[in-house]
Amino acid sequence: MSNLSLDAEALYGELLRGVARLLRPADAEQAALVGVWSGGAWLAERLHADLRLAGAPGVISSALHRDDFGSRGMATSDATKLPFSVDGRHILLIDDVVYTGRTTRAVINELFDFGRPASVTLAVLVDRGARELPIEPAFAAAKLTLPAAQRLSLARDGAGRFTFALEDAA
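Residues numbered from 1 in each chain as written. Predicted model: local features only at pLDDT ≥ 70, side-chain atom pairs only at ≥ 80, totals over all residues. Heavy atoms only, no water.

## A look at the overall build of the protein chain
So, point 1. Secondary structure assignment for the protein chain yields four helices and eight strands.
So, point 2. Starting at the N terminus, the α and β elements of the protein chain follow one another as β-α-β-α-β-α-β-α-β-β-β-β.
So, point 3. A total of 170 residues make up the protein chain; the buried ones form 44% of that total. (Helix = DSSP H or I, 4+ residues; strand = E, 2+ residues; numbered from the N terminus. Buried < 20%, exposed > 50% of the residue type's maximum accessible area, 1.4 Å probe, protein only.)

Shown next, in the form of C-alpha cells:
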C-alpha cells in the first residue's frame, strides 16, 4: 500500500458543495442521502451532519446484488439500513469512488428491493473513469485515471477525517 497525494479532506469540501447544489430546495424535503458501504456510508454520515438534514442517512450494501456474488460470496456482514421509506423519495446515492459502475448497479438493484424512488442521483468523491456500464455521477469532486491493477481506498481516522491510500488490486 502506498500513500496518494490526493487530499481527501479538500475533496470532501468539494463534495459537500456539490451535494448542497444537488439538494434543490423544492426536492429537499423528499430527498434522502444513502451511502454505499463503507466509504460512501462514511461520507453520507458526515454530509448529513454538515448539511444539518433531518432524520438519518441510509446505508446500502452491494453484497447481495453483485454480478460476482458466486465467486466472492458475502463481502461484508453489514446489511443495508434505510431508516425511511424509499417510495417516492429523491435518493442521493453517495460513494467514495466510482470505477466500472458495477457496484453502483448492484446498490440500485438493492435500493429497488425496498421500494420505488422518485429518482436516484449519484455523487462521488472520485470518478476513476473506465466504466463498463452506462452509469455516470451527477457530481464528482475529482476525476482520476489509475491503472486497473491499482485500487483507491478511502480511510477514516478516529476524528472522522478522510485520507486516501493506493493499493494493489487483489
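## Remarks on the nonpolar core
So, point 1. With 27 residues, the main nonpolar core has Leu15, Val19, Ile94 and Leu125 as its most contacted residues.
So, point 2. Every element with two or more residues in this core is listed here: helix H1 (8-22), strand E2 (31-36), helix H2 (39-50), strand E4 (90-98), strand E5 (119-127), strand E6 (139-143), strand E7 (150-156) and strand E8 (162-168).
So, point 3. Examining the composition of this core, we find that five residues originate from one element, H1, more than from any other.
So, point 4. Residues within four places of Val19 in sequence aside, it is in contact with Leu33, Leu47, Leu51, Leu92, Ile94 and Ala123.
So, point 5. Ranked by size, the runner-up nonpolar core spans 15 residues in total, among them Ala32, Val34, Val86 and Val107. (Core = buried A, V, L, I, M, F, W, Y, C linked by side-chain atoms within 4.5 Å. Contact = heavy atoms within 4.5 Å.)

## Here we look at helix H4 (residues 102-112)
Note: α-helices contain 3.6 residues per turn, so residues at a spacing of three or four share the same orientation.
So, point 1. Residues of H4 that are buried include every one of Thr104, Ala106, Val107, Glu110 and Leu111, and no others. The arc that holds every buried residue of H4, seen down its axis, measures 160 degrees, which confines them to one face.
So, point 2. Elements in contact with the buried residues of H4: E2, strand E3 (58-60), E4 and E5. (Arc of directions from axis to C-beta.)

## A closer look at the side chain of Arg128
So, point 1. Mapped onto the fold, Arg128 is located in the loop between E5 and E6.
So, point 2. Despite its burial, Arg128 pairs with no opposite charge; the closest candidate is Asp127, at 7.9 Å N-O.
So, point 3. In this structure the side chain of Arg128 is engaged in a polar contact, spanning 2.8 Å, whose partner is the backbone oxygen of Gln150.
So, point 4. Beyond its immediate chain neighbours, meaning those up to four positions away, Arg128 contacts Val97, Val98, Tyr99, Leu144, Thr145, Leu146, Pro147, Ala148, Gln150, Arg151 and Leu152. (Lys, Arg positive; Asp, Glu negative; His and termini not counted. Salt bridge = Lys/Arg side-chain N within 4 Å of Asp/Glu carboxyl O. Polar contact = N/O pair within 3.5 Å; in protein donor to acceptor, adjacent residues only side chain to side chain.)

Function-wise, these values are silent; they only describe arrangement.
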